Amino acid sequence: MYIYPDINDRLTVDLISRVSKGNYWDESEKLVLDMCYEKMNKAGLHLDLGSGQGRLIEPFLSHASMVVAAEPDITRFEYSKKEGERLNSIVNDKEVVTLNGDIDTVTENGFRTFDTALSSHVIQHIPLSMTGDMLRKLSEIINPGGYVFVTATYNNSDTDRFTVERLDDNEKREVEEVSEEEFEKAFHMKNILPVAFYTPSRIIDLMKNLGFFVETVFGYHFYFDDHDTTLEDDIKLNKANDLSHARDVLYIFRKSI
């Protein structure tokens, strides 16, 4: 079973604290999540694939009738499970189902059609060999005209880039550029975070081949040397198609009818 390698999210917390001032990191994410909500049907069935600790279950539940949240890492799943139980205890007309597993677990439990699906910062943290298979299986359970929302790290170059991030004994962040082969092997190690920076063309081409067309490519979590980025910068830089300083990107894909 898959184990998320960044134990207790130490590297993620370190990154946010280093590159973002104030509430910009959260506000920038909310901007792109609002773009997803606009595509949703409040009577629809939504899949959160790789739900982590369940932090996005509640906001997406507000825009759907049911959320199925699947998380393969057992430690992170326990948090998702508790969040699902909390929401089910206070919401009467909606439902959350939490599953400890991957997309195969979702279909094995009888969930075979969804109106929307979210893959939030998953594809950059799983082996490349798993990414295409996951997206293929995801494409098979989305209804025609339905949407897939993918957030991932952004790469502005012509080739994919792979890194392994770790904290040393003094809590200093180290980032090592690695080959694709080394990236695949890194998942057998602990207290590190393998990160794949795929070119947009790789992800877009994968989804186009699976019967989707791209509606949105929106960069966010911009950061510069002074770390003084604003939401207005997100909007301005996206309009100018200058995403070179974006850490992350939102893809909105719609399945052909």
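Below: a short report on this structure.

Here is what the cut-offs are and how they apply
Residues numbered from 1 in each chain as written. Predicted model: local features only at pLDDT ≥ 70, side-chain atom pairs only at ≥ 80, totals over all residues. Heavy atoms only, no water. Salt bridge = Lys/Arg side-chain N within 4 Å of Asp/Glu carboxyl O. Helix = DSSP H or I, 4+ residues; strand = E, 2+ residues; numbered from the N terminus. Buried < 20%, exposed > 50% of the residue type's maximum accessible area, 1.4 Å probe, protein only. Pairing = 2+ DSSP bridges. Right-handed = clockwise from strand over helix to strand, strands pointing away. Contact = heavy atoms within 4.5 Å. Polar contact = N/O pair within 3.5 Å; in protein donor to acceptor, adjacent residues only side chain to side chain. Axes fitted to C-alpha atoms, helices over the stretch in contact; angles between N-to-C directions. Core = buried A, V, L, I, M, F, W, Y, C linked by side-chain atoms within 4.5 Å. Phe/Tyr/Trp six-rings, centres within 6.5 Å; stacked < 30°, edge-to-face > 60°.

1. Overview of the pattern of salt bridges
Step number 1: Under the definition given, this model contains 14 salt bridges.
Step number 2: Put simply, aspartate 34 and lysine 30 hold a salt bridge, and the shortest N to O gap is 2.9 Å. Of this pair, aspartate 34 and lysine 30 both sit in helix α2 (residues 24-37), separated by four residues, roughly a single helical turn.
Step number 3: Using a relative accessible area of 29% as the deciding quantity, one classes aspartate 34 as partly exposed.
Step number 4: One salt-bridge network, held together by shared partners, links Asp104, Asp133, Arg136, Lys137 and Glu140.

2. Quick look at the pairing of strand β3 (residues 95-99)
Across a regular strand the side chains alternate sides, sitting on one face of the sheet and then on the other.
Step number 1: Where burial is concerned, most of β3 is hidden: four out of the five residues are buried.
Step number 2: Inspection of the sheet shows strand β2 (residues 66-70) paired to β3 by five bridges, in the parallel sense. Across the sheet, valine 67 pairs through a bridge with valine 96, a residue of β3.
Step number 3: Taken together, β2, helix α4 (residues 74-90) and β3 form a β-α-β motif whose crossover is right-handed.

3. As for the environment of glutamate 177
Step number 1: Tracing the backbone shows glutamate 177 in strand β7 (residues 173-178).
Step number 2: The class of glutamate 177 is partly exposed, set by a relative accessible area of 49%.
Step number 3: Between the alpha carbons of glutamate 177 and arginine 161 there is a distance of 7.7 Å; along the sequence they are 16 residues apart.
Step number 4: Excluding its chain neighbours within four sequence positions, the residues that come into contact with glutamate 177 are Arg161, Phe162 and Thr163.
Step number 5: Here the side chain of glutamate 177 touches arginine 161 through a polar contact of 2.5 Å, side chain to side chain.

4. So, the sheet that holds strand β6 (residues 161-167)
Step number 1: Strand order in the open sheet formed by three strands is β7-β6-β8, with antiparallel pairing between adjacent strands. Of all the strands in the sheet, just β7 and β8 (192-197) have a single pairing partner and so form its edges. On average, each strand axis in the sheet is inclined to that of its neighbour by 25°, with strand direction left out of account.
Step number 2: Relative to β8, β6 is paired through six bridges, and the arrangement is antiparallel. The partner of arginine 166 across the bridge, within β8, is isoleucine 192.

5. Here we look at the nonpolar core
Step number 1: Counting residues in each nonpolar core, the largest one holds 47 residues, and the members touching the most others are Leu47, Val68, Phe114, Leu138, Val148 and Phe253.
Step number 2: Beyond its immediate sequence surroundings of up to four residues, leucine 138 is in contact with Leu47, Leu49, Ile103, Ala117 and Val148.
Step number 3: Leu33, Cys36, Phe60 and Leu118 belong to the second-largest nonpolar core, a separate cluster that totals 16 residues.

6. Observations concerning the packing of aromatic side chains
Step number 1: One pass over the structure, following the stated rule, counts eight aromatic pairs.
Step number 2: Here phenylalanine 60 and phenylalanine 149 contribute two aromatic rings whose centre-to-centre distance is 6.5 Å and whose plane-to-plane angle is 40°, an arrangement assigned as tilted. Linking phenylalanine 60 in helix α3 (residues 57-61) with phenylalanine 149 in strand β5 (residues 142-153), this pair joins segments that are 89 residues apart in sequence.
Step number 3: Here the aromatic rings of tyrosine 251 and phenylalanine 253 are separated by 5.8 Å at their centres, their planes lie at 15°, and the arrangement is stacked.
Step number 4: You can call tyrosine 251 buried: its relative accessible area is 0%.

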